[in-house]
Amino acid sequence: MRRAVRILGVPMDLGQGRRGVDMGPSAVRYAGLQARLERLGYLVEDGGNIAVPVPEEVRDDAPRNGMRHLEAVAEACERVFAAVREAVAVGRFPIILGGDHSIAMGTIAGVVAAAGPVGVIWIDAHGDFNTPETSPSGNIHGMPLAHLVGRGHPRLVGIGDPGPTLRPEQVVLIGVRSLDPGEREAMAESGMLVFTMREVDEWGIATVVRQALTRLKAWPRLHVSLDLDALDPQVAPGVGTPVPGGLTYREAHLAMELLADSGRVGSVDVVEINPILDERNRTAELAVELLASLLGQQIL
(Lines give C-alpha, C1' and ligand atoms only; values in the text may rest on other atoms or scores of the structure.)
Protein backbone atom coordinates (compact mmCIF):
# COMPACT_ATOMS: atom_id res chain seq x y z
CA MET A 1 0.00 0.00 0.00
CA ARG A 2 1.40 3.40 -1.00
CA ARG A 3 1.98 5.91 1.76
CA ALA A 4 -0.13 9.04 1.37
CA VAL A 5 1.29 12.55 1.50
CA ARG A 6 -0.74 15.73 1.80
CA ILE A 7 0.73 19.03 0.63
CA LEU A 8 -0.54 22.17 2.34
CA GLY A 9 0.50 25.67 1.34
CA VAL A 10 0.66 28.57 3.79
CA PRO A 11 1.34 31.77 1.80
CA MET A 12 2.26 33.84 4.83
CA ASP A 13 4.64 36.76 5.00
CA LEU A 14 3.03 38.51 7.96
CA GLY A 15 5.75 37.26 10.29
CA GLN A 16 8.62 39.12 8.69
CA GLY A 17 9.46 42.49 7.21
CA ARG A 18 10.74 41.46 3.78
CA ARG A 19 7.99 40.64 1.29
CA GLY A 20 7.95 37.63 -1.02
CA VAL A 21 7.93 34.43 1.04
CA ASP A 22 4.16 34.23 0.59
CA MET A 23 4.97 33.05 -2.96
CA GLY A 24 7.00 30.12 -1.65
CA PRO A 25 4.23 27.49 -1.89
CA SER A 26 3.61 28.32 -5.55
CA ALA A 27 7.32 28.22 -6.34
CA VAL A 28 7.75 24.76 -4.79
CA ARG A 29 4.69 23.41 -6.56
CA TYR A 30 5.95 24.86 -9.85
CA ALA A 31 9.29 23.13 -9.22
CA GLY A 32 7.49 19.79 -9.50
CA LEU A 33 7.05 18.57 -5.94
CA GLN A 34 3.99 16.40 -6.60
CA ALA A 35 5.48 14.63 -9.64
CA ARG A 36 8.77 14.06 -7.81
CA LEU A 37 7.05 12.38 -4.86
CA GLU A 38 4.79 10.33 -7.11
CA ARG A 39 7.89 8.94 -8.83
CA LEU A 40 9.03 7.79 -5.38
CA GLY A 41 5.81 5.79 -5.07
CA TYR A 42 3.78 8.12 -2.84
CA LEU A 43 0.09 8.85 -3.21
CA VAL A 44 0.11 12.64 -3.24
CA GLU A 45 -2.83 14.87 -2.33
CA ASP A 46 -2.65 18.63 -2.59
CA GLY A 47 -4.85 20.25 0.01
CA GLY A 48 -4.41 23.70 -1.51
CA ASN A 49 -3.49 26.82 0.40
CA ILE A 50 -4.62 27.85 3.84
CA ALA A 51 -6.19 31.32 3.86
CA VAL A 52 -3.80 34.03 5.02
CA PRO A 53 -4.43 37.78 4.63
CA VAL A 54 -1.85 39.93 2.88
CA PRO A 55 -0.23 42.67 4.94
CA GLU A 56 -2.21 45.33 3.07
CA GLU A 57 -5.41 43.82 4.48
CA VAL A 58 -4.08 43.84 8.03
CA ARG A 59 -2.56 47.33 8.05
CA ASP A 60 -0.74 46.72 11.32
CA ASP A 61 2.90 47.47 10.53
CA ALA A 62 3.75 49.07 13.87
CA PRO A 63 4.67 46.47 16.51
CA ARG A 64 2.09 46.05 19.27
CA ASN A 65 3.31 44.46 22.48
CA GLY A 66 6.60 44.02 20.64
CA MET A 67 5.02 42.05 17.76
CA ARG A 68 3.89 42.94 14.25
CA HIS A 69 0.58 41.51 12.94
CA LEU A 70 0.04 39.54 16.16
CA GLU A 71 -3.65 38.68 15.77
CA ALA A 72 -3.45 37.96 12.03
CA VAL A 73 -0.50 35.60 12.56
CA ALA A 74 -2.28 33.85 15.44
CA GLU A 75 -5.47 33.34 13.42
CA ALA A 76 -3.51 32.00 10.45
CA CYS A 77 -1.60 29.59 12.69
CA GLU A 78 -4.87 28.33 14.14
CA ARG A 79 -6.06 27.51 10.61
CA VAL A 80 -2.75 25.74 9.95
CA PHE A 81 -3.16 23.83 13.21
CA ALA A 82 -6.59 22.56 12.20
CA ALA A 83 -5.50 21.49 8.71
CA VAL A 84 -2.37 19.68 9.91
CA ARG A 85 -4.21 17.98 12.77
CA GLU A 86 -6.79 16.65 10.31
CA ALA A 87 -4.11 15.44 7.88
CA VAL A 88 -2.24 13.52 10.56
CA ALA A 89 -5.47 12.13 12.05
CA VAL A 90 -6.37 10.49 8.72
CA GLY A 91 -2.92 9.01 8.28
CA ARG A 92 -1.36 11.48 5.88
CA PHE A 93 2.26 12.63 5.96
CA PRO A 94 1.83 16.43 5.89
CA ILE A 95 4.25 18.57 3.92
CA ILE A 96 3.61 22.19 4.80
CA LEU A 97 5.01 24.81 2.44
CA GLY A 98 5.63 28.31 3.78
CA GLY A 99 5.59 31.10 4.04
CA ASP A 100 7.67 32.48 6.86
CA HIS A 101 8.74 30.37 9.84
CA SER A 102 5.97 31.63 12.10
CA ILE A 103 3.76 28.95 10.51
CA ALA A 104 5.62 26.32 12.56
CA MET A 105 3.60 27.34 15.62
CA GLY A 106 0.58 25.94 13.82
CA THR A 107 2.18 22.99 12.05
CA ILE A 108 3.87 21.46 15.08
CA ALA A 109 0.88 22.08 17.35
CA GLY A 110 -1.31 20.29 14.79
CA VAL A 111 1.00 17.28 14.63
CA VAL A 112 1.14 17.03 18.42
CA ALA A 113 -2.64 17.32 18.76
CA ALA A 114 -3.16 14.36 16.41
CA ALA A 115 -0.13 12.17 17.10
CA GLY A 116 1.02 13.04 20.61
CA PRO A 117 4.47 14.29 21.66
CA VAL A 118 7.11 14.48 18.95
CA GLY A 119 10.78 15.29 18.69
CA VAL A 120 11.60 18.30 16.52
CA ILE A 121 14.63 18.79 14.28
CA TRP A 122 14.80 22.55 13.62
CA ILE A 123 17.21 23.27 10.74
CA ASP A 124 17.81 27.00 10.51
CA ALA A 125 20.46 29.71 10.36
CA HIS A 126 18.61 31.47 13.16
CA GLY A 127 17.43 30.42 16.60
CA ASP A 128 13.86 31.76 16.22
CA PHE A 129 13.96 32.00 20.00
CA ASN A 130 13.23 35.68 20.49
CA THR A 131 10.33 36.92 22.57
CA PRO A 132 8.56 40.27 22.20
CA GLU A 133 10.95 41.59 24.84
CA THR A 134 14.16 40.50 23.08
CA SER A 135 13.21 40.91 19.41
CA PRO A 136 14.90 43.88 17.74
CA SER A 137 12.28 44.01 14.98
CA GLY A 138 8.98 42.70 16.34
CA ASN A 139 8.86 40.20 13.45
CA ILE A 140 7.17 37.01 14.64
CA HIS A 141 9.15 34.75 12.27
CA GLY A 142 12.01 35.21 14.73
CA MET A 143 9.90 33.94 17.65
CA PRO A 144 8.11 30.66 16.80
CA LEU A 145 10.38 28.26 18.66
CA ALA A 146 10.23 30.37 21.81
CA HIS A 147 6.43 30.31 21.73
CA LEU A 148 6.31 26.57 21.04
CA VAL A 149 8.15 25.96 24.33
CA GLY A 150 6.02 28.44 26.25
CA ARG A 151 8.09 31.64 26.16
CA GLY A 152 6.39 34.77 24.88
CA HIS A 153 2.94 36.19 24.26
CA PRO A 154 0.01 34.09 25.58
CA ARG A 155 -1.86 34.51 22.29
CA LEU A 156 0.81 32.48 20.48
CA VAL A 157 1.81 30.08 23.26
CA GLY A 158 -1.67 28.55 23.17
CA ILE A 159 -2.09 27.91 19.43
CA GLY A 160 -4.41 24.93 19.06
CA ASP A 161 -4.41 23.74 22.65
CA PRO A 162 -3.64 25.68 25.83
CA GLY A 163 -0.09 25.71 27.13
CA PRO A 164 3.29 24.99 25.54
CA THR A 165 3.38 22.56 22.61
CA LEU A 166 6.93 21.36 23.32
CA ARG A 167 9.44 21.00 26.10
CA PRO A 168 12.96 22.25 25.33
CA GLU A 169 14.41 18.74 25.51
CA GLN A 170 12.19 17.76 22.56
CA VAL A 171 14.04 20.13 20.23
CA VAL A 172 17.40 19.96 18.46
CA LEU A 173 18.60 22.84 16.29
CA ILE A 174 21.06 22.37 13.43
CA GLY A 175 22.89 24.97 11.34
CA VAL A 176 22.53 27.97 13.67
CA ARG A 177 24.89 30.89 12.99
CA SER A 178 22.95 34.11 13.67
CA LEU A 179 21.48 34.92 17.08
CA ASP A 180 20.34 38.17 18.67
CA PRO A 181 21.94 38.95 22.08
CA GLY A 182 18.89 38.28 24.26
CA GLU A 183 18.00 35.25 22.19
CA ARG A 184 21.50 33.81 22.60
CA GLU A 185 21.31 34.05 26.39
CA ALA A 186 17.85 32.49 26.56
CA MET A 187 18.83 29.67 24.23
CA ALA A 188 21.93 28.85 26.27
CA GLU A 189 19.76 28.53 29.37
CA SER A 190 16.89 26.66 27.71
CA GLY A 191 18.12 23.07 27.77
CA MET A 192 17.70 22.65 24.01
CA LEU A 193 20.52 20.98 22.11
CA VAL A 194 21.96 23.43 19.58
CA PHE A 195 24.41 22.46 16.86
CA THR A 196 25.85 25.65 15.40
CA MET A 197 27.76 25.74 12.13
CA ARG A 198 30.95 25.41 14.19
CA GLU A 199 29.89 21.91 15.28
CA VAL A 200 28.90 21.08 11.71
CA ASP A 201 32.31 22.24 10.49
CA GLU A 202 34.26 20.45 13.24
CA TRP A 203 32.38 17.15 13.46
CA GLY A 204 30.63 16.84 10.11
CA ILE A 205 26.93 16.81 9.38
CA ALA A 206 26.63 13.01 9.73
CA THR A 207 27.82 13.09 13.34
CA VAL A 208 25.59 16.05 14.12
CA VAL A 209 22.45 14.39 12.73
CA ARG A 210 23.17 11.07 14.44
CA GLN A 211 23.67 12.86 17.76
CA ALA A 212 20.39 14.72 17.20
CA LEU A 213 18.57 11.45 16.59
CA THR A 214 20.11 9.96 19.72
CA ARG A 215 19.12 12.99 21.78
CA LEU A 216 15.51 12.58 20.62
CA LYS A 217 15.35 8.80 21.04
CA ALA A 218 12.52 9.12 23.58
CA TRP A 219 10.22 10.37 20.79
CA PRO A 220 9.67 7.76 18.05
CA ARG A 221 7.99 10.32 15.80
CA LEU A 222 9.90 13.35 14.51
CA HIS A 223 8.89 16.58 12.84
CA VAL A 224 11.44 18.36 10.63
CA SER A 225 11.20 22.14 10.39
CA LEU A 226 13.45 23.17 7.49
CA ASP A 227 14.25 26.81 6.90
CA LEU A 228 16.05 27.10 3.55
CA ASP A 229 18.26 29.85 5.00
CA ALA A 230 20.08 27.07 6.85
CA LEU A 231 21.86 26.51 3.54
CA ASP A 232 24.57 28.82 2.33
CA PRO A 233 23.21 31.67 0.15
CA GLN A 234 25.43 30.54 -2.70
CA VAL A 235 23.39 27.31 -2.75
CA ALA A 236 19.99 28.76 -1.78
CA PRO A 237 19.89 32.45 -2.77
CA GLY A 238 16.12 32.85 -2.64
CA VAL A 239 15.47 33.07 1.09
CA GLY A 240 14.00 35.72 3.34
CA THR A 241 16.99 36.32 5.61
CA PRO A 242 20.22 34.92 4.10
CA VAL A 243 23.29 34.41 6.29
CA PRO A 244 26.70 33.44 4.84
CA GLY A 245 28.46 30.30 5.97
CA GLY A 246 25.63 27.79 5.86
CA LEU A 247 25.17 24.17 4.93
CA THR A 248 26.49 23.00 1.58
CA TYR A 249 24.35 21.25 -1.00
CA ARG A 250 25.62 17.81 -0.01
CA GLU A 251 25.50 18.50 3.74
CA ALA A 252 21.81 19.37 3.42
CA HIS A 253 21.08 16.27 1.35
CA LEU A 254 23.00 14.00 3.71
CA ALA A 255 21.06 15.41 6.66
CA MET A 256 17.79 14.60 4.88
CA GLU A 257 19.03 11.13 3.89
CA LEU A 258 20.05 10.26 7.44
CA LEU A 259 16.72 11.48 8.79
CA ALA A 260 14.96 9.35 6.18
CA ASP A 261 17.04 6.33 7.17
CA SER A 262 15.82 6.70 10.76
CA GLY A 263 12.26 5.88 9.66
CA ARG A 264 10.94 8.28 12.29
CA VAL A 265 10.01 11.42 10.35
CA GLY A 266 6.25 11.87 10.12
CA SER A 267 5.85 15.49 9.01
CA VAL A 268 7.83 18.43 7.66
CA ASP A 269 7.49 22.12 7.04
CA VAL A 270 9.67 23.98 4.53
CA VAL A 271 9.82 27.73 4.96
CA GLU A 272 11.30 31.10 4.01
CA ILE A 273 11.63 30.55 0.24
CA ASN A 274 11.46 33.97 -1.42
CA PRO A 275 11.07 33.74 -5.21
CA ILE A 276 11.62 37.50 -5.59
CA LEU A 277 15.20 37.03 -4.42
CA ASP A 278 15.76 33.72 -6.20
CA GLU A 279 17.56 32.84 -9.43
CA ARG A 280 15.24 31.04 -11.91
CA ASN A 281 13.43 29.21 -9.07
CA ARG A 282 16.67 27.57 -8.00
CA THR A 283 15.89 27.57 -4.27
CA ALA A 284 12.42 26.07 -4.73
CA GLU A 285 13.91 23.35 -6.93
CA LEU A 286 16.43 22.64 -4.18
CA ALA A 287 13.57 22.39 -1.67
CA VAL A 288 11.93 19.74 -3.86
CA GLU A 289 15.20 17.80 -4.03
CA LEU A 290 15.63 17.94 -0.26
CA LEU A 291 12.06 16.82 0.36
CA ALA A 292 12.63 13.89 -1.99
CA SER A 293 15.73 12.92 0.01
CA LEU A 294 13.79 13.23 3.27
CA LEU A 295 11.07 10.97 1.88
CA GLY A 296 13.45 8.25 0.85
CA GLN A 297 15.08 9.05 -2.50
CA GLN A 298 18.47 7.36 -2.68
CA ILE A 299 21.44 7.62 -5.01
CA LEU A 300 21.56 3.83 -5.43
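Provided above is the structure to which this section pertains.
Residues numbered from 1 in each chain as written. Predicted model: local features only at pLDDT ≥ 70, side-chain atom pairs only at ≥ 80, totals over all residues. Heavy atoms only, no water.

(A) Layout of empty space enclosed by the protein. For the structure shown, the criterion picks out 1 cavity of 30 Å³ or more. Counted as a void, the largest cavity has a volume near 40 Å³. As for the largest cavity, its lining consists of Ile-123, Leu-226, Leu-231, Leu-247, Ala-252, Ala-255, Met-256 and Leu-290. For the lining of the largest cavity, the leading source of residues is helix H11 (residues 249-262), giving 3 residues. Along the lines of polarity and charge, the residues of the lining of the largest cavity split into 8 nonpolar, no polar and no charged. (1 Å grid on protein atoms, 1.4 Å probe; cavity = no way out; pocket = protein on both sides within 12 Å on 5 of 7 lines; lining within 4 Å. Points joined across faces, edges and corners; volume = space filled by probe spheres on them. Helix = DSSP H or I, 4+ residues; strand = E, 2+ residues; numbered from the N terminus. Nonpolar A, V, L, I, M, F, W, Y, C, P; charged D, E, K, R; others polar.)

(B) Up close: the packing of aromatic side chains. Following the criterion strictly, the structure yields 1 aromatic pair and no others. Between Phe-195 and Trp-203, the ring centres sit 6.2 Å apart and the planes meet at 80°, which makes this aromatic pair edge-to-face. On the basis of relative accessibility, which here comes to 2%, the residue Phe-195 falls in the buried class. (Phe/Tyr/Trp six-rings, centres within 6.5 Å; stacked < 30°, edge-to-face > 60°. Buried < 20%, exposed > 50% of the residue type's maximum accessible area, 1.4 Å probe, protein only.)

(C) Spatial organisation of helix H8 (residues 181-190). Taken as a whole, H8 has its buried residues at Glu-183, Ala-186, Met-187 and Ser-190. Burial along H8 is one-sided: seen end-on, the buried residues are contained in an arc of 100°. Among the exposed residues of H8, those pointing more than 90 degrees away from its buried face are Pro-181, Glu-185, Ala-188 and Glu-189. The secondary structure elements touched by the buried residues of H8 are strand E5 (171-176) and strand E6 (193-196). Following H8 by one or two positions, Gly-191 has its phi on the positive side, about 95°. (Arc of directions from axis to C-beta. Contact = heavy atoms within 4.5 Å.)

(D) Broad picture of helix H12 (residues 282-294). With 13 residues, H12 extends 18 Å between its outermost C-alpha atoms, agreeing within 8% with the 18 Å of an ideal straight helix rising 1.5 Å per residue. The buried fraction of H12 amounts to 10 of the 13 residues, a majority that puts the element mostly inside the structure. Taken as a whole, H12 has its buried residues at Thr-283, Ala-284, Leu-286, Ala-287, Val-288, Leu-290, Leu-291, Ala-292, Ser-293 and Leu-294. At the C-terminal side of H12, Gly-296 shows a positive phi close to 110°. (Expected span 1.5 Å × (residues − 1).)

(E) Molecular detail of the layout of surface pockets. Approximately 290 Å³ is the volume found for the largest pocket. Along the walls of the largest pocket sit 18 residues, with His-126, Asn-130, His-141, Gly-142 and Asp-180 positioned nearest its centre. The residue inventory of the lining of the largest pocket, partitioned by class, reads 1 nonpolar, 11 polar and 6 charged.

(F) Highlighting the packing of helix H10 (residues 205-215) against H11. Where H10 contacts H11, the two axes come as close as 9 Å, and the packing angle between them is 35°. Regarding H10 and H11, the two cross each other, and that crossing is right-handed. Side by side, H10 and H11 meet where Ile-205, Ala-206, Val-209, Arg-210 and Leu-213 of the first sit next to Glu-251, Leu-254, Ala-255, Leu-258, Leu-259 and Ser-262 of the second. (Axes fitted to C-alpha atoms, helices over the stretch in contact; angles between N-to-C directions. Left-handed = near helix turned anticlockwise from the far one by under 90°.)

(G) Quick look at the pairing of strand E4 (residues 119-123). Counting buried positions along E4 gives 5 out of 5 residues, so the element sits mostly inside the fold. Where burial is concerned, the two faces of E4 agree: the one with Gly-119, Ile-121 and Ile-123 and the one with Val-120 and Trp-122 are both buried. Strand direction decides the pairing type here: E4 and strand E7 (residues 222-227), joined by 5 bridges, are parallel. Bridge pairing in E7 links Gly-119 to Leu-222. Sheet topology note: the E4/E5 ladder contains 4 bridges and is parallel. Within E5, the residue paired with Trp-122 across the bridge is Leu-173. (Pairing = 2+ DSSP bridges.)

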